[in-house]
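What follows is the residue order along each chain.
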Amino acid sequence: MSARKTPAAAAPVAAAAAVDLAIPPQLLQHLRERRLLLFAGAGLSAQAGLPTWRSLVQDVVDATIAEAMQGEESRRELEGMIAAGKWLQIADHCKLKLGPGEYARLLGERLSDFGRPVPEAHRLAVRLPFAAWVTTNYDKLLERAYADERGGLPKTLTSLDTEALGRLLFDGAPFVLKAHGDLDKPDSLVFTSRDYRDLIHGNAAFSAAFSAILLTHSVLFVGYSLADPDFNLLLDRQLLTFRGFAPERYALMSGIGKVEEEYLWRVCQIRVIPYPEGQHEAVPAFFQRLADRLEPVDVAPLARVARAATLAVAPPALRASPATRAARVPVAAVAPAVLALDWRAGAVQAILSDGGKVIATAAGPREAWATPAAASRSLESASGRDGSLAECSGALTRTLGAATVKALGRVLKGQGGRLLRLELTREVERLPWELLALGPQTLAELAAVFRAPVGVSENARGLPAVGSPLRALVVADTKSAEPALALPGAAAEGRAVADEIRGGGVGEVRLLLGPEATHDALARAFDDFDPDVFHFAGHAWFDEHEAYLELADRHLTATMMRPWLTRHSPAFMFLNSHYTAFIPAGVEGQGAAHAEAISAGLRGRPGFADLAMRSGVGAFLGTYSGAIDDNGARDFAVAIFRALLQGATAAGALQAARSLAAEHASATALLYCLYGEGALRLVDAGEAA
């Protein structure tokens, strides 16, 4: 088993001695300080055999003439425009003739890197401590390189992900920004002159975020030439953004003359690092020299995650299922069924699909929203452990409607442990759908249920790596020094979870019990321990604004936790306390301010699930009830980790723990929900054995 945090030297680049490029001292300093951005252009992807701008436009012209135009005169005119460098205007014309759908398909066909080896330049680039990797390319070479070299998948954004971009910038977390779009998202593609105008003038939020990136970071351009329209548009953007001061900017460029070099400095304040035309092996050689000048801890170790060393990003056709987003998440034997729910026109709207095929589409009975909201009120107190739980289940079933319930029963019949993904809109998210009654059992007992993230794309979330050995941060019974607040069951849970992980021989644990669990201790743990697992057992509640965890010395609010989770996203996060996922719609506290905090109104109140999903946590397990029994919660947590350490998926471990609790007549296990990657595993079969 490979050691954690021991950087391996990158493989030497054979041509490193052929071109000896000087490294500007300030560039190296900004890289050390993680204040340097890499901007990657088409020339970098050309090292994988993908087309340059000119060859891509020529391909598009040929396809347009073959598909939608006739006559030699049209060909001559378009080729004249190519010679004149009017590439964006040509792209506009071709998109109009082909239509948006065929045009996007053509770009995808020409620019797909699927099956192509990842160039050494990309591998070295993602191992260097850039603040972010920004690219105007459409391929997935950077994501694939990141997966191979660091494990997991990077947080990958387009101009459509402005909320996520702002959060990552503020929290200082690394990301990949595909400034001109992703082939998986045709609406994000920027290729024509009109696309560029819409990006700059029609997306104010992205323009502001992009300007903030340029204002707060030094930049290294690689793979661009002055003939590339995307590079010229980037230069125009910078000239518009800055008046006077601009952070240092550098460009590693091939075959550039003195006149062009002087132009870039005089007009754009870009310092050119030139190398001879055609000698593109100088690019990985330059990256290697940068790595050699850094401290080992600053360079990402090779194969940090032993079992993710061969990870490859799945082709677009496979990304529809979260279980096949990447080889990093083991593919389930059967893809998950999907139940999509929304609330429109006074009723729940449901779409049930299996294997990519729609099985049923139905609307529940029309009724006031207060009716389904009232179903979850029984979960607020200990009464949720008796017959009122069945009342809640029945109410949800009536809300969904008989047609959908019957179809769901048919899909799950005879398939114990079947993965079921709930895709919920914000309107219906904060209801305990896991308690839906299907005959004598609940949905949670019949299937391995998990919830898709709400309001954030999978690419923007990324996918955290799981280290080998596994690292777990366990925090428990934080108020043990105060007898009235001590939770002996939580303390026992913390020790038992730590023992399970240590005893399994696959991981190491940092255990913070009682007075040890301070704010500063947790901050240090996230920064220097970088946990793959974060488990909390103790008090959690809400102030007038948001959810918080009770630490030994203060409240830890969701806002305070956000930068830790964004910069060091755990693969698995389990907060075992009251309402840590969300407060369901309709729950009303009784009496004083303490109870007022959980009065959720008709739309519910967020706990930590939304934070975890937006921050990039792989899988989050929390509760939607105030009826969490101390001892029942302890037994449930131990069962969860025991199953995970035996190689179960997150959703499979949750169902196994529920089955075990049912054998002991405990309903506590039904009061939890799982968000994120239901097919995520903490250990693979070999490690579990």
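Below is a summary of the structure that appears in this document. In this text the structure is predicted, and so the values were computed from the model without any measurement.

The rules behind each value
Residues numbered from 1 in each chain as written. Predicted model: local features only at pLDDT ≥ 70, side-chain atom pairs only at ≥ 80, totals over all residues. Heavy atoms only, no water. Helix = DSSP H or I, 4+ residues; strand = E, 2+ residues; numbered from the N terminus. Buried < 20%, exposed > 50% of the residue type's maximum accessible area, 1.4 Å probe, protein only. Contact = heavy atoms within 4.5 Å. Areas by Shrake-Rupley, 256 points an atom, 1.4 Å probe, with all protein chains shown as cover. Phe/Tyr/Trp six-rings, centres within 6.5 Å; stacked < 30°, edge-to-face > 60°. Salt bridge = Lys/Arg side-chain N within 4 Å of Asp/Glu carboxyl O. Expected span 1.5 Å × (residues − 1). Core = buried A, V, L, I, M, F, W, Y, C linked by side-chain atoms within 4.5 Å. Pairing = 2+ DSSP bridges. Lys, Arg positive; Asp, Glu negative; His and termini not counted. Polar contact = N/O pair within 3.5 Å; in protein donor to acceptor, adjacent residues only side chain to side chain.

1. Comments concerning the overall build of the chain
1) Next: On a plain count of helices and strands, the chain comes out with 27 helices and 25 strands.
2) Next: For the chain, buried positions account for 59% of its 689 residues.
3) Next: For the chain, contacts bridging at least 24 residues in sequence account for 75% of all contacts bridging at least 6.
4) Next: Here the chain has roughly 26,200 Å² of accessible surface; of this, 54% comes from carbon and sulfur atoms.

2. What to know about the packing of aromatic side chains
1) Next: Following the criterion strictly, the structure yields 14 aromatic pairs and no others.
2) Next: With centroids separated by 5.2 Å and ring planes inclined at 55 degrees, the aromatic side chains of Phe39 and Phe221 adopt a geometry described as tilted. Of the two residues, Phe39 sits in strand β1 (residues 36-40) while Phe221 sits in strand β5 (residues 218-222), which places them 182 residues apart along the sequence.
3) Next: Judged by relative accessible area, which is 1%, Phe39 ranks as buried.
4) Next: Owing to a relative accessible area of 1%, Phe221 belongs among the buried residues under this scheme.
5) Next: Here the aromatic rings of Phe572 and Phe641 are separated by 5.8 Å at their centres, their planes lie at 80 degrees, and the arrangement is edge-to-face.

3. Section: the environment of Leu671
1) Next: Its place among the elements puts Leu671 in the loop between α26 (650-663) and β25 (672-676).
2) Next: Using a relative accessible area of 1% as the deciding quantity, one classes Leu671 as buried.
3) Next: Distance in space between the C-alpha atoms of Leu671 and Ile628 is 7.7 Å, their sequence separation being 43 residues.

4. Let's talk about the pattern of salt bridges
1) Next: Scanning the entire structure with this criterion turns up 29 salt bridges.
2) Next: We note a salt bridge from Arg105 to Glu109, for which the minimum N-O separation is 2.9 Å. Of this pair, Arg105 and Glu109 are both found in helix α6 (residues 100-111), 4 residues apart, which corresponds to roughly one turn of the helix.
3) Next: Assessed through its relative accessible area of 48%, Glu109 is described here as partly exposed.
4) Next: The salt bridge involving Arg421 is made with Glu423; its shortest N-O contact spans 2.9 Å.
5) Next: On the basis of relative accessible area, Arg421 is assigned to the buried category, the value being 8%.

5. Some details on helix α20 (residues 488-503)
1) Next: Here α20 contains 16 residues, and its C-alpha end-to-end distance of 22 Å stays within 8% of the 22 Å for a straight helix at 1.5 Å per residue.
2) Next: Restricting attention to buried positions, one finds in α20 the residues Gly489, Ala490, Ala491, Glu493, Gly494, Val497, Ala498, Glu500 and Ile501.
3) Next: Contacts from the buried residues of α20 go to β15 (470-476), β16 (507-513), β17 (533-537), β21 (572-576) and α25 (630-645).

6. Digging into the nonpolar core
1) Next: Trp433, Phe534, Met561, Phe572, Phe620 and Ile640 are the most contacted members of the largest nonpolar core, which has 178 residues in total.
2) Next: If we skip the residues at most four places from it in the chain, Trp433 touches Leu341, Val348, Leu396, Thr399, Leu400, Leu422, Leu424, Val428, Leu443 and Arg451.
3) Next: Residues Ala145, Val222, Ile273 and Val299 belong to the second largest nonpolar core, which totals 35 residues.

7. Describing unusual backbone geometry
1) Next: Of the consecutive residues Ser468 and Pro469, the connecting peptide bond is found in the cis state with omega at 5 degrees.
2) Next: Structurally, the position occupied by Pro469 is in the loop between α19 (458-461) and β15.
3) Next: Backbone geometry at Arg34 places phi at a positive 55 degrees, although glycine is not the residue there.
4) Next: Among the structural elements, Arg34 can be located in the loop between α1 (25-32) and β1.

8. What to know about the sheet that holds strand β6 (residues 249-254)
1) Next: One open sheet holds the 7 strands; their spatial order is β3-β4-β2-β1-β5-β6-β7, and the pairing between them is parallel. The open sheet terminates on both sides in strands that have one partner only, identified here as β3 (156-157) and β7 (270-275).
2) Next: When β6 meets β7, the two strands line up parallel, connected through 6 bridges. Bridge pairing in β7 links Ser254 to Tyr275.

9. Some thoughts on the side chain of Lys155
1) Next: Mapped onto the fold, Lys155 is located in the loop between α8 (141-150) and β3.
2) Next: For the buried residue Lys155, which engages in no salt bridge, the nearest side chain bearing the opposite charge is Asp171, 9.2 Å off.
3) Next: A polar contact of 3.5 Å, which involves the side chain of Lys155, links it to the backbone oxygen of Ser615.
4) Next: Setting aside residues up to four positions removed in sequence, Lys155 forms contacts with Leu168, Pro174, Phe175, Val176, Asn459, Ala460, Arg461, Gly462, Thr566, Ser569, Ser615 and Gly616.

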